[in-house]
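These are the residues of each chain, in order.
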2 protein chains.
Amino acid sequence: MVIVQGKPTSDSRQSLIETAAELVNARSYRTVGVKEICHRAGVNKGSFYYFFPSKQALMLAALDQTWRAFRQGGLHDCFDGARPPLQRIDAMFRFAAAAHEAAKDRTGRVLGCPFGNLAAEASTLDEGIRERLEAIFREWAGLISGALDEAVRRGEVRCGLDPDDAAWGVLGCLQGALLMSKVANDARFVRAAGRELVAVLATPSEGEPDR
Amino acid sequence: MVIVQGKPTSDSRQSLIETAAELVNARSYRTVGVKEICHRAGVNKGSFYYFFPSKQALMLAALDQTWRAFRQGGLHDCFDGARPPLQRIDAMFRFAAAAHEAAKDRTGRVLGCPFGNLAAEASTLDEGIRERLEAIFREWAGLISGALDEAVRRGEVRCGLDPDDAAWGVLGCLQGALLMSKVANDARFVRAAGRELVAVLATPSEGEPDR
């Protein structure tokens, strides 16, 4: 909690962003209001409106920050070019599974993907949020597509696979597995989905047709 | 709209259920209130509480009815035993794609899956709704698992595929594709995901390794 006196500080701004991301991820966008965010962040409403014209503007800033942290702190390692390309995809599923298992240990709940949750809730309600989420998912699909493209060139996936189409399919599988995990309050679906997906994507090697 | 005078009628109950399902699917559970549902259904609040103790109870009835209609009116045909098993799964994706394309033509929006949307929004907020959705998804995964089990026995999928695990994976892929379609407001992801998924699930036939 940041106690603010006088001019709003950049700490207050950061505290608002982190509090909004956390509350919305644990509940939903519509059930979290500016008043509660300010209270939990220890920032007064005047300071809120100094930084953000609206709850939507704060949510967009929180989305950008959550995405940057996830890309740099998680996806970057998963998509390390030193890994064989399909293992990068498997690593992404394992990273997501571990993060959701840890969150469940901490909160008792599989909270689901902050981007996927918000996409399901707000895509038809808030065009600004929908557009930002679409851009995030496009960047995410681009990472997957790059790995699949390399896998195609190395002959490690079924011939004829379209890396761009398949990347959206893989990202959809991850999002869907996170959603199934959320509704069952059990993160096991994520790990199983990654394992199955990589197994079906992989071209059987000669002499090892049933891998 | 059902104009109600005197004793609440079963038409009123049905109208409340249909109105709730439609409004929640187009927006979200939290943005739709009892007052609006009653107004749109042309049913007074007294009649509402004659049938349902709460908005949650109405939502559960709407979920059951939506699921029955979808299972009998859509999934039943897709999973017709006369189709080869992997074609049943492809049919499910094509049915979902067509339904979402039609809804977009009608409303301008890809609305996403009513079960998936609610799962993302309400699983951590309402245990009764989460449990009902989990039961619905389990029944749905059972249909897919049955088809995959038959595909395994017929040698039409990769050996070693676990029908139950893979069924949740397939359902996750469909849910994820519907979510990507919602966030991009473009149903094309559903059709593409079904095509790719069935292609990667299918065992290459002898003499046709790159199918």
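Rules of the game
- Residues numbered from 1 in each chain as written.
- Chains lettered and ligands numbered in written order.
- Predicted model: local features only at pLDDT ≥ 70, side-chain atom pairs only at ≥ 80, totals over all residues.
- Heavy atoms only, no water.
- Helix = DSSP H or I, 4+ residues; strand = E, 2+ residues; numbered from the N terminus.
- Buried < 20%, exposed > 50% of the residue type's maximum accessible area, 1.4 Å probe, protein only.
- Least-squares fit on C-alpha atoms with pLDDT ≥ 70 in both.
- Contact = heavy atoms within 4.5 Å.
- Disulfide = S-S within 2.5 Å.
- Polar contact = N/O pair within 3.5 Å; in protein donor to acceptor, adjacent residues only side chain to side chain.
- Phe/Tyr/Trp six-rings, centres within 6.5 Å; stacked < 30°, edge-to-face > 60°.
- Lys NZ or Arg CZ within 6 Å of the ring centre and 35° of its normal.

> Got a minute to help me understand unusual backbone geometry in this structure?
Glycine aside, the phi torsion of most residues is negative, and most peptide linkages are trans. All names here are of chain A. Unlike most non-glycine residues, Asn 185 shows phi in positive territory, near 50°. Structurally, Asn 185 can be placed in the loop between α8 (163-184) and α9 (188-201). Asn 185 sits in the buried class, given a relative accessible area of 14%.

> Would you mind showing me how to read the relation of the copies chain A and chain B here?
Each of the two chain copies can be brought onto the other by rotation about an axis and movement along it. The two copies are related by a screw motion: chain A maps onto chain B through a turn of 180° and a shift of 0.0 Å along the axis, at an RMSD of 0.0 Å. Look at the turn and shift together and you get a two-fold axis relating the two. Comparing interface residues between copies, 100% of those in chain A also lie at the interface in chain B; the contact surface is shared.

> Would you explain the state of the cysteines in this entry?
Put plainly, two cysteines are in a disulfide when a covalent bond ties their sulfur atoms together. Overall, the coordinates contain one disulfide over all chains when judged by the stated rule. With its sulfur 2.0 Å from that of its partner, Cys 173 of chain A forms a disulfide with Cys 173 of chain B. On the sign convention where negative is left-handed, the bridge of Cys 173 of chain A and Cys 173 of chain B, at about 75° about the S-S bond, is right-handed. Of this pair, Cys 173 of chain A sits in helix α8 while Cys 173 of chain B sits in helix α8 (residues 163-184), which puts the two residues in different chains. Unpaired in this structure, Cys 78 of chain A has its nearest cysteine sulfur neighbour in Cys 113 of chain A, at a distance of 13 Å.

> Looking at this structure, I do not really get the side chain of Thr 124 of chain B. What am I missing?
With respect to the element layout, Thr 124 of chain B can be found in the loop between α6 (114-122) and α7 (127-153). Within the local environment of Thr 124 of chain B, its side chain forms a polar contact with the backbone oxygen of Ala 26 of chain A, the two atoms lying 3.0 Å apart. Those residues within four positions of Thr 124 of chain B in sequence are excluded, and the remaining contacts are Ala 26, Arg 27, Arg 109, Val 110, Leu 111 and Lys 182 of chain A.

> Sorry if this is basic, but what is going on with the packing of aromatic side chains here?
Here the distance between the centres and the angle between the planes together describe a pair of aromatic rings. Evaluated as defined, the whole model comprises 26 aromatic pairs over all chains. Among the aromatic residues, ring-to-ring pairing joins Trp 67, Phe 70, Phe 95, Phe 115, Phe 137 and Trp 140 of chain A into one connected group. The residue whose ring lies beneath Lys 55 of chain A is Tyr 29 of chain A, and the NZ or CZ to ring-centre distance is 4.2 Å. Here the guanidinium or amino end of Arg 188 of chain B rests over the ring plane of Phe 189 of chain B, the centre of that ring lying 4.4 Å away.

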